[in-house]
Amino acid sequence: MARYTRLQVNNTILETGVIPVFYNGDLSIVRNIARSCAAGGIKVLEFTNRGDHAWEVFNELENYCRDEVPNAILGAGSVIDAGTAAQYINS
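Residues numbered from 1 in each chain as written. Predicted model: local features only at pLDDT ≥ 70, side-chain atom pairs only at ≥ 80, totals over all residues. Heavy atoms only, no water.

Chemist: Would you mind going over the side chain of Thr48 in detail, with residue names and values included?
Modeler: Relative to the helices and strands, Thr48 is located in strand β2 (residues 44-48). Among the residues examined, Thr48 registers a relative accessible area of 1% and is labelled buried. Look past the residues within four positions of Thr48 in its chain and what remains in contact with it is Val21, Phe22, Tyr23, Ala54, Gly77 and Ser78. (Helix = DSSP H or I, 4+ residues; strand = E, 2+ residues; numbered from the N terminus. Buried < 20%, exposed > 50% of the residue type's maximum accessible area, 1.4 Å probe, protein only. Contact = heavy atoms within 4.5 Å.)

The structure is reproduced here in structure tokens:
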């Protein structure tokens, strides 16, 4: 996925006025969420670190968005420790 500056992300949030915050352990569901949001004009998505193996699902979602939804800006939320943050950053 492309790297975005904070200003680009903030401007995109202001343009759309909404950030969907979601988690699901089923990769096909999160792919559908990302694709549907982007098709509807919502480009900033927050995947939350809530469920078992959330990081692995996020990693697969990031790969999917890079290839199939390149206009999406994908971020991770609810990350509360440095080790988990490092996993998300390195993905």
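Chemist: Quick one: what's the story with the environment of Gln87, residue by residue and with numbers?
Modeler: Tracing the sequence through the fold places Gln87 in helix α4 (residues 82-90). Accessibility expressed as a relative area gives 37% for Gln87, which makes it partly exposed. When the C-alpha atoms of Gln87 and Asn63 are compared, they prove to be 15 Å apart, with 24 residues separating the residues in sequence.

Chemist: Give me the sheet that holds β2: which residues, what numbers.
Modeler: Spatially, β1-β2-β3 is the arrangement adopted by the three strands of the open sheet, whose pairing is parallel. Two strands bound the open sheet, and with one partner strand each, they are β1 (21-22) and β3 (73-77). Alignment of β2 against β3, held across five bridges, turns out to be parallel. By the bridge assignment for β3, Leu45 is matched with Leu74. (Pairing = 2+ DSSP bridges.)

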